[in-house]
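# Coordinate analysis (summary)
For reference, the chains in residue letters:
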Amino acid sequence: MILVIGGAGYIGSHMLALLRDRGEPHLVFDNLETGHRQALQGSRLFEGDLRRREDIVRALKENSIDTVMHFGAYIMVGQSVAQPSEYYWNNLVGVLNLLDAMRECAVLRLVFSSTAAIFGEPEYVPIDEEHPKNPTSPYGDTKLAVERMLASYDRAYGIRSVCLRYFNAAGSDPAGVLGEDHDPETHLIPATILAALGQTPGLKIFGTDYDTPDGTCVRDYVHVCDLALAHLLAIRHLRDGGESRQYNLGNGRGFSVREVIDTVERVVGQPIPQEVVGRREGDPAVLIASSDRIRRDWGWAPEFADLETIVDHAWKWRQSHPDGYRPST
């Protein structure tokens, strides 16, 4: 059985949907701090917190867990700068608790959600797995520290892992059942959609003077369902006895902030209220992934690579869930 930590969150809930579809027995471990019970869609929940080691030990011991997937990190870069203690406790100490509990319970396979934030300001694009790793935020620091910790635990204790480094996760499941619902919403595509619906005062564009074709930042958007499929391939790899690996996950092409706004306007059929403000500290001009390694090794390739499709799926979910997972009032 697979233990899905953070399964009530955005990416985790899409992973649960794929596991249900493939008939994979699984259990969700979540404290529902930022996740949503409604996103579980029938998957069984064990309420617990990784910062309490006894919670994770009990979840592993009381269930026939053989593999763990970790989606349970805090993810907001700006918040990590303002509140580094919370990020180190949850993202780093929480994983240390997890790994020691896995040792105790002889669970030796882990799929870990990492991030492009471990690379920091890119020295070249597209960014491959060997790119220098110089995170510029506590969030990126915690993810890189976990990757290094996993390498040590593999060598010393035989816990094998696959680290999947997302670039910009986006979209929603094509059926419109699951979606992205953060509070506050800091991701560009859902924030643009909320602005289109009038649920926010408008969209802020952070800088228009970057060295890019239209002056706005360029990012690589990868569909959440394509991310879930990569995690399933990682599970198969570990079950087949494969060694620990690290992969970058992205489309391999970038879209600017203005291109995203234009696409949302086209999909929703109305203009987006927007305001140009100054740059955010630490925002690289361009972040684009090279996913050549996982394409070559496992044959993974994005099914939903087109930006309009990604936006359309996100829009479909928000149309049917105007208040997110919260009940309409």
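A quick note: this is a predicted structure, and the numbers were derived from the prediction, not measured.

Before going further, it helps to examine the side chain of H36. Structurally, the position occupied by H36 is in the loop between β2 (26-30) and β3 (45-47). The contacts of H36, once residues within four sequence positions are left out, are A8, D181, Y325 and R326.

Pairing in this open sheet of 3 strands is mixed, and the strands run β12-β9-β14 from one edge to the other. Lying at the two open borders of the sheet, with one neighbouring strand each, are β12 (255-256) and β14 (286-287). When strand β9 (residues 218-219) meets β14, the two strands line up parallel, connected through 2 bridges. Within β14, the residue paired with R219 across the bridge is L287.

Here the focus is the side chain of D173. Relative to the elements of secondary structure, D173 occurs in the loop between β7 (168-170) and α6 (188-196). Of the buried charged residues, D173 lacks a salt bridge, with K316 as the closest side chain of opposite charge at 8.0 Å.

One open sheet accounts for 7 strands, arranged β3-β2-β1-β4-β5-β6-β11; its pairing is parallel. Each edge of the open sheet is held by one strand with a lone partner, namely β3 and β11 (245-249). On average, adjacent strands in this sheet sit at an angle of 20 degrees to one another, irrespective of strand direction. Lying on the sheet, helix α1 (residues 10-21) is in contact with β1 (2-5), β2, β4 (67-70) and β6 (160-166); it crosses β2 at an angle near 165 degrees. On the sheet, helix α7 (residues 224-239) packs against β1, β4, β5 (109-115), β6 and β11 and is oriented at approximately 165 degrees with respect to β6.

Relative to the helices and strands, G94 resides in helix α4 (residues 84-105). For G94, a relative accessible area of 0% corresponds to the buried category. The sequence separation of G94 and L50 amounts to 44 residues, and the corresponding C-alpha distance is 4.7 Å. The contact partners of G94, leaving out residues within four places of it in the chain, are L50 and W89.

What counts as what
Residues numbered from 1 in each chain as written. Predicted model: local features only at pLDDT ≥ 70, side-chain atom pairs only at ≥ 80, totals over all residues. Heavy atoms only, no water. Helix = DSSP H or I, 4+ residues; strand = E, 2+ residues; numbered from the N terminus. Contact = heavy atoms within 4.5 Å. Pairing = 2+ DSSP bridges. Buried < 20%, exposed > 50% of the residue type's maximum accessible area, 1.4 Å probe, protein only. Lys, Arg positive; Asp, Glu negative; His and termini not counted. Salt bridge = Lys/Arg side-chain N within 4 Å of Asp/Glu carboxyl O. Axes fitted to C-alpha atoms, helices over the stretch in contact; angles between N-to-C directions.

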